[in-house]
Amino acid sequence: MEKEPYKKISKFISLVLRHNPSAAGIRLDEHGWADVRELIRGVCETGRSLDMETLKEIVRTNDKKRFAFNEDCTKIRANQGHSIQVDVELKAVNPPDVLYHGTATRFLGSILNKGEGLRPGSRLYVHLSGDYGMAVKVGQRHGVPAVLKVDAGRMAEDGYVFYLSENGVWLVKEVPARYLETAAAPQG
Ligand code: HQG
C-alpha cells in the first residue's frame, strides 16, 4: 500500500483546489489550474508549512491520485471532485455495463423510494466506481454504507455521457432512479 504521510495538508489542498481557492487566497483558471508558486505561498500564509519538494511528494503519494501537475510543474489541479465550476477537460468514455455508487442507508429513502435518483449535490457530478469495494468505502464516509448498482450500459445506450477522470473515478451528471438497484456484494 502506498504510504501517505501528508494526509492533513493534502486534505487542505483538496479543499482549496476543489471547493474553496480563497481559503489559500488564490484563484483557479477555467480549467481548474492553480499557479504552484501562488498555492505554496497561499498555503504558507495560512500558517501551514509547504514547499515544492513536499508538494511533489503529496502529488506522488496521494492515495487516490487526487492531484496533477502540468508538464513543467508550474500548475496544479484536482483531477475530480470539484464543487466550483471548472472544466478539467474530462474524457467522455463508454462505461462498463455496471458501475457502483456508495452511499449511506439513510439516503436510500430519497434516492430510491422517493424516486429522486442520484444527484450531484454540491459537486459537479455524481461519482461512481467500477469497484464494489471502493463504493463501500465511499458510502462509509456518510454512515452505514449501502451500495447501489448502476445500469451504466443502459444509461449510455439512452444517451447519458460518462466521463472517466485521470484518477479513475467515473462521473455522470445524474442517475435517474430507474437505472438503480441496491447491490449485493459481487460473488467470487
Ligand atoms: C448522496 C470521495 C439523498 C450521495 C469519494 C452521497 C468520491 C443523495 C451524498 C467523492 C441523493 C453526496 C464523492 C438524493 C445523492 N437524496 N442523498 N437524491 N443523491 N445523494 O461527498 O459520492 O476522497 O458529495 O449518495 O471517493 O459520497 O474526496 O459525494 O452520499 O469519489 O477524493 O449525497 O469523494 O473522494 O456526497 O463522494 P458527496 P460522494 P475523495
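Everything below is about the structure shown above.
Rules and cut-offs
Residues numbered from 1 in each chain as written. Predicted model: local features only at pLDDT ≥ 70, side-chain atom pairs only at ≥ 80, totals over all residues. Heavy atoms only, no water. Helix = DSSP H or I, 4+ residues; strand = E, 2+ residues; numbered from the N terminus. Polar contact = N/O pair within 3.5 Å; in protein donor to acceptor, adjacent residues only side chain to side chain. Contact = heavy atoms within 4.5 Å. Pairing = 2+ DSSP bridges. Near = heavy atom within 4 Å. Areas by Shrake-Rupley, 256 points an atom, 1.4 Å probe, with all protein chains shown as cover. 1 Å grid on protein atoms, 1.4 Å probe; cavity = no way out; pocket = protein on both sides within 12 Å on 5 of 7 lines; lining within 4 Å. Sits in = over half its atoms within 2 Å of the grid points. Nonpolar A, V, L, I, M, F, W, Y, C, P; charged D, E, K, R; others polar.

A few words on unusual backbone geometry. For Lys65, which is not glycine, the phi dihedral falls at a positive 50 degrees. Tracing the backbone shows Lys65 in the loop between α3 (52–61) and β2 (67–69).

With that settled, the discussion passes to the side chain of Arg77. Along the polypeptide, Arg77 turns up in strand β3 (residues 75–78). A polar side-chain atom of Arg77 sits 3.4 Å from the main-chain carbonyl oxygen of Val88. At 2.7 Å, the side chain of Arg77 forms a polar contact with the side chain of Glu89. Those residues within four positions of Arg77 in sequence are excluded, and the remaining contacts are Leu17, His31, Gly32, Trp33, Arg66, Phe67, Ala68, Asp87, Val88 and Glu89.

Spatial strand order, β4-β8-β9-β6: four strands in an open sheet with antiparallel pairing. Across the chains shown, the open sheet's two edge strands, defined by having one partner strand only, are β4 (91–92) and β6 (126–128). Of the strand pairs in this sheet, β6 and strand β9 (residues 170–172) are connected by three bridges, and their pairing is antiparallel. Within β9, the residue paired with His127 across the bridge is Leu171.

Relative to strand β7 (residues 145–151), strand β5 (residues 98–104) runs antiparallel, the two being bridged by seven bridges. Across the sheet, Ala104 pairs through a bridge with Pro145, a residue of β7. Bridge analysis of β7 against strand β10 (residues 180–182) gives three bridges, and the strand direction is antiparallel. Within β10, the position partnered with Val150 by the bridge is Leu180.

A separate point is the site of the ligand. If you check the shell around the ligand, you find 17 residues, and the closest are Arg18, Lys64, His101, Thr103 and His142. In this structure, Arg18 approaches the ligand through a side-chain N or O atom, which is 2.7 Å from an oxygen atom. One nitrogen or oxygen atom from the side chain of Arg141 is found 2.9 Å from an oxygen atom belonging to the ligand. For the ligand, whose free accessible area comes to 790 Å², the fraction covered by protein is 85%. Mapping the ligand onto the cavity grids shows that it belongs to the largest pocket. Listing elements by their share of the shell around the ligand, those giving two or more residues are β5 and α4 (108–113). Class assignment of the residues belonging to the shell around the ligand gives a composition of four nonpolar, six polar and seven charged.

Bear in mind that shape data such as this cannot, by itself, settle questions of function.
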